[in-house]
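Chain residues, written in single-letter form:
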Amino acid sequence: MIIQLHQEIAAVQKEAIVKKALTLQYKTTEVKTQHGNYLVGIGKSEFDIRELGHMEGIADIHIVSDNYKLVSKKWKVKPTAIDLGDGVAIRSGDLAVMAGPCSIEGEEQVYKTIAHLKANGVKIMRGGVYKPRSSPYSFRGMGIDGLKMWHKAAREAGIKIITEVMQVSQIAEMHDYVDIFQVGARNTQNFNLLDELGKVDKAVMIKRGISGTVDELLYSAEYVFSGGNEKLILCERGIRTYETSSRNTLDLNSIPVLKEKTHLPVVADPSHGIGIREYVEPMTLASIMAGADGVIFEIHEKPEEAYSDGQQTLNFKESETLIGKINKVFALRESL
Ligand code: PEP
Ligand code: MN
């Protein structure tokens with residue numbers, strides 16, 4: 001059950017609701033976000049909603065049968081839009097395009113990428129400054145100095161930044177230089193990190209865990225929302241299966257499934273999803289037809305020289321071709 005409270009509810013009114021819910025065998029947790037004040041009630045008993053409905057301070061009550069509550073579409077049918085400012089948003093019925101290198105490597109790369117994005121109408125740039133790498137000897141990112149350099153260039157160009165935060169201690173130092181915090185596939189169930197991102201007033205994109213289920217992804221989002229941050233985006237980035245012909249298996253099924261289960265926007269990452277440059281284009285277009293609200297993919301001026309993930313990275317020419325097709329396929333989808 002989700003009880004939406006009036007913003008100006010008095011403490012005594014809230015206490016009375018919590019007590020009443022307990023008599024109905026519902027234990028409540030209070031959640032205060034940028035947009036709302038809620039009591040999330042966990043319990044099993046059936047009760048007459050009118051027993052609570054008349055109480056002072058309640059704006060609305062919703063019965064949510066899913067185990068995750070705040071991210072469920074059962075109480076919030078209207079899709080959530082993530083507004084990044086300056087007319088840039090990620091929302092249902094629109095298509096957000098995010099592109100950039102796997103890793104931020106230096107100033108020249110950043111300026112060239114921004115020029116490419118601007119020429120192609122892309123408003124959100126991806127790039128890692130803290131990189132989760134399988135081997136400790138691989139390039140692990142430029143860190144906070146790289147982010148500051150990137151941020152300066154991106155702000156001048158009017159480009160928004162999405163980048164991965166790997167641990168709690170990085171949140172504060174990164175905060176002012178980031179538009180969307182990305183939670184990587186290896187951190188989807190880092191619940192301490194999710195708790196802390198709940199306290200931040202910045203958008204958070206959570207990637208699906210490498211072996212994670214759709215419901216586990218939704219629970220991860222529930223952590224951030226119940227921590228106080230509603231600005232959430234979910235990302236399908238492929239899962240590990242028994243298939244060895246591609247790096248991961250991009251689970252296109254999850255896109256319509258997530259769109260049905262949650263009011264949050266859903267983005268696809270075909271670069272990590274298939275891991276092979278030649279197939280990034282068809283999987284991007286397929287993701288759009290499957291209903292994605294956005295796509296994120298890796299680009300580099302010279303993918304063969306990229307510090308990470310070059311094998312799945314498009315060059316600028318391929319990226320330009322793909323963006324042209326993205327626009328066509330999105331228009332087709334909307335016309336159906
Ligand atoms: C990335 O976006 O570069 C990345 C490391 O992604 P994932 O967490 O999905 O592996
Ligand atoms: Mn990558």
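The model shown is predicted, which means the values in this text are computed figures rather than measured ones.

(A) Highlighting the overall build of the protein chain. Check the secondary structure of the protein chain and you find 11 helices and 14 strands. Radius of gyration (C-alpha) of the protein chain: 21 Å, near the 20 Å computed for a compact globule of 336 residues. The buried share of the protein chain, taken over its 336 residues, is 55%. Long-range contacts, defined as pairs at least 24 residues apart, comprise 68% of the intrachain contacts of the protein chain with a sequence gap of at least 6.

(B) Broad picture of the pairing of strand β10 (residues 180–183). Across the two faces of β10 the burial is the same, with I180 and Q182 and F181 and V183 all buried. Bridge count for strand β9 (residues 160–164) against β10 is three bridges, and the pairing is parallel. Bridge pairing links E164 to Q182 in β10. Running through helix α5 (residues 168–174), the crossover from β9 to the neighbouring parallel element β10 is right-handed. Bridge analysis of β10 against strand β11 (residues 203–207) gives four bridges, and the strand direction is parallel.

(C) Just the environment of E51, in detail. With respect to the element layout, E51 can be found in helix α2 (residues 50–53). Residue classification places E51 among the partly exposed positions, given a relative accessible area of 33%. Put simply, E51 and N327 are 276 residues apart on the chain and 51 Å apart in space, counted from C-alpha to C-alpha. For E51, the contacting residues outside a window of four places in its chain are K20 and L24. A polar atom in the side chain of E51 sits 3.5 Å from the side chain of K20.

(D) Structural detail: unusual backbone geometry. Positive phi is not limited to glycine here, since Q25 has a value of about 70 degrees. Q25 sits in the exposed class, given a relative accessible area of 58%.

(E) Examining the site of ligand 1 more closely. As a structural note, the neighbourhood of ligand 1 is formed by 13 residues, with R126, K131, A185, R186 and R237 the closest of them. Within the side chain of R126, one N or O atom sits 2.8 Å away from an oxygen atom of ligand 1. Alone, ligand 1 offers 300 Å² of accessible surface; in the complex the protein occludes 97% of this.

(F) Region of interest: the coordination of the manganese ion (ligand 2). Looking at the metal site, the manganese ion (ligand 2) is ligated by C102 (SG), H272 (NE2), E298 (OE) and D309 (OD), spaced 2.1 to 2.4 Å from it. Between the donor residues of the manganese ion (ligand 2), the gaps in sequence give the motif C-x169-H-x25-E-x10-D. On the criterion of sequence distance, the pair formed by H272 in helix α9 (residues 270–274) and D309 in the loop between β14 (294–298) and α11 (316–335) is long-range, its members being 37 residues apart. Here H272 matches D309 in class, with each residue buried.

(G) Molecular detail of the packing of aromatic side chains. For the structure shown, the criterion picks out six aromatic pairs. With 5.5 Å between their ring centres and 80 degrees between their planes, Y38 and W75 make a pair best called edge-to-face. Residue Y38 is found in strand β3 (residues 37–42), and its partner W75 is found in the loop between β4 (58–62) and β5 (82–85); the two are separated by 37 residues along the sequence. By the burial criterion, Y38 is buried, and W75 matches it. With a centroid separation of 5.9 Å and an interplanar angle of 80 degrees, the aromatic rings of Y68 and Y219 are classed as edge-to-face. Of the two residues, Y68 sits in the loop between β4 and β5 while Y219 sits in helix α7 (residues 214–226), which places them 151 residues apart along the sequence. Judged by relative accessible area, Y68 falls into the buried class, the value being 3%. Feature note: the residues Y38, W75 and F225 constitute an aromatic cluster, connected by ring pairs.

(H) Focus on the packing of helix α3 (residues 107–119) against α11. In the contact formed by α3 and α11, the axes pass within 11 Å of each other and the chain directions differ by 25 degrees. For the element pair α3 / α11, the angle class is roughly parallel. Helix-helix and strand crossings are classified by hand; for α3 and α11 the assignment is right-handed. Residue-level inspection shows K112, T113 and H116 of α3 in contact with α11, the latter providing F316, S319, E320 and I323. Grouping the amino acids of the contact of α3 with α11 by side-chain chemistry returns two nonpolar, three polar and two charged.

Calculation rules
Residues numbered from 1 in each chain as written. Chains lettered and ligands numbered in written order. Predicted model: local features only at pLDDT ≥ 70, side-chain atom pairs only at ≥ 80, totals over all residues. Heavy atoms only, no water. Helix = DSSP H or I, 4+ residues; strand = E, 2+ residues; numbered from the N terminus. Rg over C-alpha atoms; globule rule 2.2 N^0.38 Å. Buried < 20%, exposed > 50% of the residue type's maximum accessible area, 1.4 Å probe, protein only. Contact = heavy atoms within 4.5 Å. Pairing = 2+ DSSP bridges. Right-handed = clockwise from strand over helix to strand, strands pointing away. Polar contact = N/O pair within 3.5 Å; in protein donor to acceptor, adjacent residues only side chain to side chain. Near = heavy atom within 4 Å. Areas by Shrake-Rupley, 256 points an atom, 1.4 Å probe, with all protein chains shown as cover. Donors = N, O, S within 2.8 Å, 3.2 Å for Na, K, Ca; no water. Phe/Tyr/Trp six-rings, centres within 6.5 Å; stacked < 30°, edge-to-face > 60°. Axes fitted to C-alpha atoms, helices over the stretch in contact; angles between N-to-C directions. Parallel < 35°, antiparallel > 145°, perpendicular 65-115°, else oblique. Left-handed = near helix turned anticlockwise from the far one by under 90°. Nonpolar A, V, L, I, M, F, W, Y, C, P; charged D, E, K, R; others polar.

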